[in-house]
Structures are given as structure tokens and as C-alpha cells.
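# Results of the structural survey
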Amino acid sequence: MSGDLGDLAAFVVVAEAGGFRDGARASGMSASGLSEAVRRLEQRLGVRLLNRTTRSVAPTEAGMRLLERLTPALGAVEAALDVVNGFRERPAGTLRLNVPVSAARLVLPKIVPPFLAAYPDIRLDVIAEDSFVDVLAAGCDAGIRYDERLEQDMIAVSIGPREQRFATAAAPAYLDRQGRPEHPRELLNHACIGGRFASGRKTEWEFERDGETVRIDPSGPLTVRVGTATDLAVDAAIAGVGVLTLFEDWLQPHLDSGALEPVLEPWWPRFSGPFLYYPGRRYLPAPLRAFIDFIGLQRRASERRGRGSAPFADAVRTGRRDQP
């Protein structure tokens, strides 16, 4: 029976991933192992479940019917096994998180090391990217996103700082040479280091002060992919290439050292911090439950130390996306 379940699970992985190699990356199994499991299952059932070509793998009609029934059934089996896992003295298993690069750099470093020390039987698999993906379809248990990008019908728990700011800065030598802007619109006459999302859309810079909001479309000699090439943008700003807007926490070490100088600080906009979000199903995987509980413990410990809820906000939202 256990072998049958393993072969069925392998079929689901390959069918949902659209290929043996992608299925291997999503599951941690080898492509050859998945291929052999599907072959055994087809032989046992006496029917072809997958159409294979050199470029793609797709379920047959029989495979689609089986997949429709198997997906919720295997989910129920996984949930049932995880209930038993909850009775272990120490939760075990793999927790897969899909997070933006900014969260991997600014939020998780304060959480991951103590979490792994507290739960040595849990393995953490972090996928950092800035393209918006369906965390479940990507094979992840949960994700981290900012408020405006939360999905509907998910549970969201605040993680990291309650509030953040975007900071604008440039090298002192650049500002000595080109002048220090006093209003955001003056940036249109400056060399700006821009960003571009995976979709191809360029980032827009937004500034706020005393109820006034100013948005500009920056232009300059350098544009980088948001997240993956951000360090290049920071290095270029330090070298005097132009003006940069980024998370304040990301730039703070360079502001402290004097390598970068704040620009238009009274106009820096504030926004709500990131959220850990996950599906509101009845049974959560034990590693995810442990991670959620650990975040809560960190928050309460911070409050006891007299810092309020600064590192870990206490908001929890369910069932809908609240507008920022």
C-alpha cells in the first residue's frame, strides 16, 4: 500500500509540474525515480496516464480524471499524517517558503537561525524571488508578501517590522556635483537608478509629505531587475552613478557609514510591513505551525523587553485582502 501511495504521489507531482525534471525540482526526488514510479503505476493500472514528448509531459484523459480525484485525497492523507506528527516531542519535516528578495535579506535573518536552533528536526527551504506566484502551485507551504500583494482567502500573520519606509539616497560626491534636490520633481533632472519587475514594468517612485503625494517615473543610466540585481544598484549609487530609492533598512548601513547621503528624507513614504500568508485549511503542516508559533513567541518576547511590537507586529487577517 505504501508503494502504491508513493507512485500515486509521484504521478501527481509530475502531472502538476508538467514534466519529470520540474517535478524533481519541486519534490526533491530524482527525475529517473519519478519516471520509474509513473511507469510502475501505469503498468499496474493497465492504462497510460501521461503523454510524453521531448518537450512536454501532459496527462491523458484517464490521467486527468485520476488527477482530479487524487489531489484532494492525497491532501487529506498528508493532513492526517501531519496530525500524528503534532504528537511528536519535536515537530519534523520540511517547511517551504516563497518570499521576496527583500524579506530574505531584511526579515528572515533575524528569525531563521533561532528557529532552526529551536527545531532541529525541521528543514527550511526558502525560495526567494520577486515575481508574484501561487505559493501552493509552486509547491510551497506559505509565503511572505507585502499587504498590497496578499492573495484572497488566505490567512495573513504580520511578520517583521510593523512599518517600513522607502529611502532615497545618493553618494555625497554625486550630490556635490549635481546638487541636492529639495522637491521630488527635481529628481527628473537627476540621474536615477531605476528598477524593473520580472513582468517588464518599471518601478515608479512615490513620495509623501503633509498630505501631498508625488509620483515620478525616474530615468537615468542604469536600470536593474528588482530584487535579484539590487546590490548592483546600491554599489552603483555608492560609486556616484546616481540617485537610488530602496528599503530604508537595506540602505541603512551605507547611510550610517556616510557612503550614501539621505535625499528628500521628509518625503520618504511609509508602508505596512510584510505578512506571512498561508491557506486557511483545517490542518496545518507541523513545520508551518511551529514557524507560526515561533513568530508569536518572538513578538511576545520583544514586548516583554519593552520594545512594544516593533520587530513583530501582532495583526492577523483572515478571509479577505484589506486595502492598505
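Residues numbered from 1 in each chain as written. Predicted model: local features only at pLDDT ≥ 70, side-chain atom pairs only at ≥ 80, totals over all residues. Heavy atoms only, no water.

Moving on: the pairing of strand E15 (residues 275-279). In terms of residue burial, E15 counts as a mostly covered element, since five of its five residues are buried. Examined bridge by bridge, strand E5 (residues 142-145) and E15 share three bridges and lie antiparallel to one another. Looking across to E15, one finds that Ile144 is bridged to Leu276. Where strand E6 (residues 154-158) and E15 come together, five bridges link them in antiparallel fashion. If you follow Val157 over to E15, its bridge partner there is Leu276. (Buried < 20%, exposed > 50% of the residue type's maximum accessible area, 1.4 Å probe, protein only. Helix = DSSP H or I, 4+ residues; strand = E, 2+ residues; numbered from the N terminus. Pairing = 2+ DSSP bridges.)

On to unusual backbone geometry. Phi at Asp210 is positive, roughly 50°, even though this residue is not glycine. Relative to the elements of secondary structure, Asp210 occurs in the loop between strand E9 (205-209) and strand E10 (212-216).

For the rest of this paragraph, the subject is the confidence of the model for the protein. When pLDDT is averaged along the protein, the result is 83; 82% of the residues meet or exceed 70. Confidence, expressed as mean pLDDT per element, reaches its minimum in the protein at strand E16 (residues 316-317) with 41 and its maximum at strand E13 (residues 261-262) with 98. Between residues 307-324, whose pLDDT stays under 50, and residues either more than four places distant or in other chains, the model counts 46 contacts. (pLDDT = per-residue confidence, 0-100. Contact = heavy atoms within 4.5 Å.)

In this section: the packing of aromatic side chains. Tallied over the entire structure, the rule returns eight aromatic pairs. With 5.0 Å between their ring centres and 90° between their planes, Phe115 and Phe291 make a pair best called edge-to-face. Note that Phe115 is positioned in helix H6 (residues 112-118) and Phe291 in helix H10 (residues 286-304), a separation of 176 residues in sequence. Taken as a pair, Phe115 and Phe291 share a single burial class, namely buried. In this structure an aromatic cluster arises from ring pairing among Phe115, Tyr119, Phe291 and Phe294. (Phe/Tyr/Trp six-rings, centres within 6.5 Å; stacked < 30°, edge-to-face > 60°.)

Moving on to the nonpolar core. Counting residues in each nonpolar core, the largest one holds 24 residues, and the members touching the most others are Ile159, Leu276 and Phe291. Broken down by secondary-structure element, the contributors of at least two residues to this core are strand E3 (93-99), H6, E5, E15 and H10. Once you skip the residues sitting within four places of it in the chain, Leu276 turns out to touch Leu97, Ala142, Gly143, Ile144, Ile155, Ala156, Val157, Ile159, Phe291, Ile292 and Ile295. Counting residues in each nonpolar core, the second largest holds 20 residues, with Leu106, Phe247, Trp250 and Leu251 among its members. (Core = buried A, V, L, I, M, F, W, Y, C linked by side-chain atoms within 4.5 Å.)

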